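Chain by chain, the residues:
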Amino acid sequence: MQSCFSACCWGRAEQAIQKRGAETSVDTAMEVQSEETNAESSSAETTDSSVAEGTNDGAAGGANTETETTSENQSSETHTFDGVVHEETFTNETGYQAWTDYSKATSQYNLGDILNYDNPEGTTISEIDQLMDDNLEKAEAPINETEQMVFYRYLDEELAETTDLSPYVSEIAYYFVDEQLMFSSVTPTYYQVNQTAAHDIETLSSIATVSELEELQPQVFTVAEMKLNGETIKQIMVPSQPAKDQSDVMLNAYYLFVIGDDAIHSMYVPFTEVAQDFPSSSIIIFNSFFSWLSDNQ
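Residues numbered from 1 in each chain as written. Predicted model: local features only at pLDDT ≥ 70, side-chain atom pairs only at ≥ 80, totals over all residues. Heavy atoms only, no water.

(A) Inspection of the overall build of the chain at higher detail. On a plain count of helices and strands, the chain comes out with nine helices and 11 strands. For the chain, with 297 residues in total, the buried portion stands at 52%. In the chain, of all internal contacts separated by at least 6 residues, the share reaching a separation of at least 24 is 67%. (Helix = DSSP H or I, 4+ residues; strand = E, 2+ residues; numbered from the N terminus. Buried < 20%, exposed > 50% of the residue type's maximum accessible area, 1.4 Å probe, protein only. Contact = heavy atoms within 4.5 Å.)

This is the structure in structure tokens:
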């Protein structure tokens, strides 16, 4: 693995977040539901920005993306997380349409390989446009001359009439390098977090397969994917309870990395650190995962 990749991707993701911040000051709304939550605790700041990591048994073998894992068939219409993501775990009925469209799109586009983006195998921006509904609001966020993110947003008309917050309930995000697709994600943009239903770190860190995650039926706040060494790696983020050493954290964003049905690695950060921009945060977390792979190859 090329050691220069880590620094390059950190810069790209940070630029994307800055661009997103300039584009819209508030694009999400979060309400934490908990019997123990009050106004004082809900405004608590998190100071620990480190990424906590975990690896399941057998992850070292699963992480060898070149040889030991069979590639997922991108033409399949059944998404890996179909049993995890549904209307009750993702968002409301309008927002859930984003997941339906996204899971279909992933079987129709091609991802470029993040370590070989000079080879133009990724789907182009114009081709992605043809896959998306014309009625969606499209927003572009150029990062530099060769990189940009494109967002397709799902409007909730009832929400638009009843709140001054963003009327968009979910969005699909795509990241392009030299106009070829390198990353995609689907996330809610207006949501509620059920803190009391969030699983503890120990339970989530024991997950070895997508089937085991499906049994837990957690809320889902990000599904994303990138390609590395020819292997499509899927990412899913769910909320989790704080770890024992996180005295100033109410809730974590727990990221699980999957190849096929196997969970090969996990990371978590305070939820508030990613809540305002799930897609860009997803890229940063992906980069942390790639750095871990580089250190363990």
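(B) Fine view of the pattern of salt bridges. This model, assessed by the stated rule, comprises five salt bridges. Of the charged contacts in the structure, one is a salt bridge between Asp129 and Lys138, with a shortest N-O distance of 2.7 Å. Residue Arg153 is joined to Glu137 by a salt bridge in which the shortest nitrogen-to-oxygen separation is 3.9 Å. Placement of the pair is Arg153 in strand S4 (residues 147-155) and Glu137 in strand S3 (residues 137-142), with a sequence separation of 16 residues. Salt bridges sharing partners connect three or more residues here, namely Asp129, Lys138 and Glu140. (Salt bridge = Lys/Arg side-chain N within 4 Å of Asp/Glu carboxyl O.)

(C) Examining the packing of aromatic side chains more closely. By the definition in use, this model includes 16 aromatic pairs. Consider the rings of Tyr152 and Tyr174, whose centres lie 5.9 Å apart with planes at 75°: the pair is edge-to-face. Here Tyr152 is found in strand S4, whereas its partner Tyr174 is found in strand S5 (residues 168-177), with 22 residues between them in sequence. Relative to Phe290, the ring of Phe286 has its centre 5.6 Å away and its plane inclined at 25°; by these criteria the two rings are stacked. Here Phe290 and Phe286 lie together in helix H9 (residues 278-296), a separation of four residues that amounts to about one turn. Each member of the pair Phe286 and Phe290 is classed as buried. (Phe/Tyr/Trp six-rings, centres within 6.5 Å; stacked < 30°, edge-to-face > 60°.)

(D) The pairing of strand S11 (residues 262-270), seen in detail. For S11, a buried count of eight out of nine residues is recorded, marking the element as mostly surrounded by other parts of the structure. When strand S10 (residues 252-259) meets S11, the two strands line up antiparallel, connected through eight bridges. Each bridged residue has a counterpart across the sheet, and for Leu256 the counterpart in S11 is Ser266. Turn length for the S10-S11 hairpin, with the two strands adjacent in sequence and antiparallel, is two residues, and the turn residue Gly260 shows positive phi of about 65°. (Pairing = 2+ DSSP bridges.)

(E) Focus on the environment of Pro142. Checked against the element boundaries, Pro142 lands in strand S3. Owing to a relative accessible area of 40%, Pro142 belongs among the partly exposed residues under this scheme.

(F) Expanded view of unusual backbone geometry. With a phi angle near 65°, Glu179 is a residue other than glycine that sits in the positive phi range. Tracing the backbone shows Glu179 in the loop between S5 and strand S6 (180-188). The backbone of Gln217 sits at a positive phi, close to 50°, despite the residue not being glycine. Its relative accessible area of 35% is what places Gln217 among the partly exposed residues.

(G) Region of the structure containing a negative patch on the surface. On the surface, a cluster of negative charge is made up of Glu212, Glu214, Glu215, Asp261 and Asp262. Take the negative patch: its biggest share by element is three residues, from helix H8 (residues 210-216). Relative to the assigned elements, Asp261 resides in the loop between S10 and S11. By relative accessible area, which is 34% here, Asp261 ends up partly exposed. (Patch = residues over 30% accessible without salt bridge, like charges linked within 9 Å, V, L, I, M, F, W, Y side chains within 5 Å. Areas by Shrake-Rupley, 256 points an atom, 1.4 Å probe, with all protein chains shown as cover. Lys, Arg positive; Asp, Glu negative; His and termini not counted. Charge placed at Lys NZ, Arg CZ, Asp CG, Glu CD.)

(H) Examining the environment of Ser266 more closely. By secondary structure assignment, the location of Ser266 is in strand S11. Note: C-alpha distance between Ser266 and Leu256 (10 residues apart in sequence) is 4.5 Å.

(I) A look at helix H4 (residues 93-105). With 13 residues, H4 extends 19 Å from end C-alpha to end C-alpha; this agrees with the ideal 18 Å at 1.5 Å per step. Residues of H4 that are buried sit in contact with helix H5 (125-131), S4, S5, S6 and strand S8 (222-228). (Expected span 1.5 Å × (residues − 1).)

(J) Examining the pairing of strand S9 (residues 231-240) more closely. Summarising burial for S9: 10 of the 10 residues are buried, a large majority. Of the two faces of S9, the one carrying Glu231, Ile233, Gln235, Met237 and Pro239 and the one carrying Thr232, Lys234, Ile236, Val238 and Ser240 are both buried. Two strands pair when backbone bridges link them, and S8 and S9 are joined in this way by seven bridges, in the antiparallel orientation. Within S9, the position partnered with Val223 by the bridge is Ile236. In sequence, S8 turns back onto S9 through a hairpin of two residues, with Asn229 there showing a positive phi of about 50°.

Treat this as a map of the structure, not an account of what it does.
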